[in-house]
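# A look at the structure
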Amino acid sequence: MAGIREANPDKEWLQVTGLIHDIGKLMAVWGEPQWCVVGDTLPVGCAPSKRIVFDAQYFAENPDMDDPTLNTRLGVYTENCGLENVLMSWGHDEYLYRVLNANTCHLPDEALYAIRFHSFYPWHTSEDYMFLCNNKDLEMLQWVREFNKFDLYTKCPDTPDIEQLKRYYGNLVEKYVPGKLKW
Ligand SMILES: [Fe+2]
Ligand SMILES: [Fe+2]
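Here we summarise the structure given alongside this text. (Residues numbered from 1 in each chain as written. Chains lettered and ligands numbered in written order. Predicted model: local features only at pLDDT ≥ 70, side-chain atom pairs only at ≥ 80, totals over all residues. Heavy atoms only, no water.)

## Digging into the coordination of the iron ion (ligand 2)
The cut-off we apply is this: Counted as coordinating are nitrogen, oxygen and sulfur atoms within 2.8 Å of the metal, or 3.2 Å for Na, K and Ca, while water is not included, which may make sites look incomplete. Here a site with four donors is tetrahedral if all angles are between 85 and 135 degrees, and a site with four or six donors is square planar or octahedral if opposite donors are over 155 degrees apart and the other angles are between 65 and 115; anything else gets the irregular label.
Donor atoms from the polypeptide that bind the iron ion (ligand 2) are His21 (NE2), Asp22 (OD), Asp151 (OD) and Asp151 (OD), placed at 2.2 to 2.7 Å. Considering all four donor atoms around the iron ion (ligand 2), angles at the metal cover 50 to 159 degrees and the coordination shape is irregular. All donors of the iron ion (ligand 2) come from a single chain, and their spacing in sequence reads H-D-x128-D.

## Focus on the environment of proline 122
Put simply, the test is: Secondary structure elements follow DSSP: runs of H or I no shorter than four residues count as helices, runs of E no shorter than two count as strands, and numbering proceeds from the N terminus. Working rule for contacts: check all heavy atoms of both residues, and any pair within 4.5 Å makes them a contact.
Considering the arrangement of structural elements, one finds proline 122 in helix H7 (residues 121-124). Residues proline 122 and asparagine 71 lie 51 residues apart in sequence; the distance between their C-alpha atoms is 17 Å. In this view, proline 122 contacts Asp40, Thr41, Ile52, Glu127, Asp128 and Tyr129; residues no more than four positions away in its chain are not counted.

## A few points about unusual backbone geometry
The condition that has to hold: Accessibility here uses a 1.4 Å probe with only protein chains present; expressed as a share of the type maximum, an area under 20% marks a residue as buried, one over 50% as exposed, and anything in between as partly exposed.
In the Ramachandran plot, asparagine 80 falls in the positive-phi region, its phi being about 55 degrees despite a non-glycine side chain. In this fold, asparagine 80 is placed in the loop between helix H4 (56-60) and helix H5 (92-101). Under the relative-accessibility criterion, asparagine 80 is labelled partly exposed at 41%. Phi angles above zero are rare outside glycine, and tyrosine 129 is one such case at about 65 degrees. With respect to the helices and strands, tyrosine 129 occurs in the loop between H7 and helix H8 (135-153).

## Digging into helix H6 (residues 109-117)
The buried fraction of H6 amounts to seven of the nine residues, a majority that puts the element mostly inside the structure. For H6, the full list of buried residues reads Ala111, Leu112, Tyr113, Ala114, Ile115, Arg116 and Phe117. The secondary structure elements touched by the buried residues of H6 are helix H2 (12-20), H5, H7 and H8.

## Things to note about the coordination of the iron ion (ligand 1)
Looking at the iron ion (ligand 1), one finds its protein donor set to be Asp22 (OD), His92 (NE2) and His118 (NE2), positioned 2.0 to 2.1 Å from the metal centre. Each donor residue of the iron ion (ligand 1) belongs to the same chain, with the gaps between them written as D-x69-H-x25-H. A separation of 3.6 Å is found between the iron ion (ligand 1) and the iron ion (ligand 2), which share aspartate 22 as a coordinating residue. Remark: histidine 118 occurs in the loop between H6 and H7 and histidine 92 occurs in helix H5; sequence separation between them is 26 residues.

In structure tokens form, the structure reads like this:
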């Protein structure tokens, strides 16, 4: 995440997002099975995008797919209802998003979108499910993409000064997500 800081010295919220966005993976340490911690996420309650090919076999085994209220393009949703009204499949993204919502958090919406949707590849990379998006989602999409660029492609080659980093990021986290968190 050093790359984010270097490229965005003035965007503290983006740096904090880089630092904390994968903390939800702790669920795996706590014993949750891998399938509900990592992997692409997608809306539940409507038909899965036809382009999510790798899961086709598993979707076929999902009883929701035989339910006429859940297996259509819109399913339980309405056109452009907004992703805030969409129930996403469970994973480390959704978990941290909900933890932050349940605590005091001063991160802007851009950060919360990056945290909640960075594994929603069918949306930010394949542009599926656009019919569920409202204007705010479309505005935020660029930040999810911007964030993902750093998440995927920046690793720092230099040996960092750990104590200095601890101080710097400790202060940042305290500023945006203060106090002790409920998990
Ligand atoms: Fe992640
Ligand atoms: Fe990540």
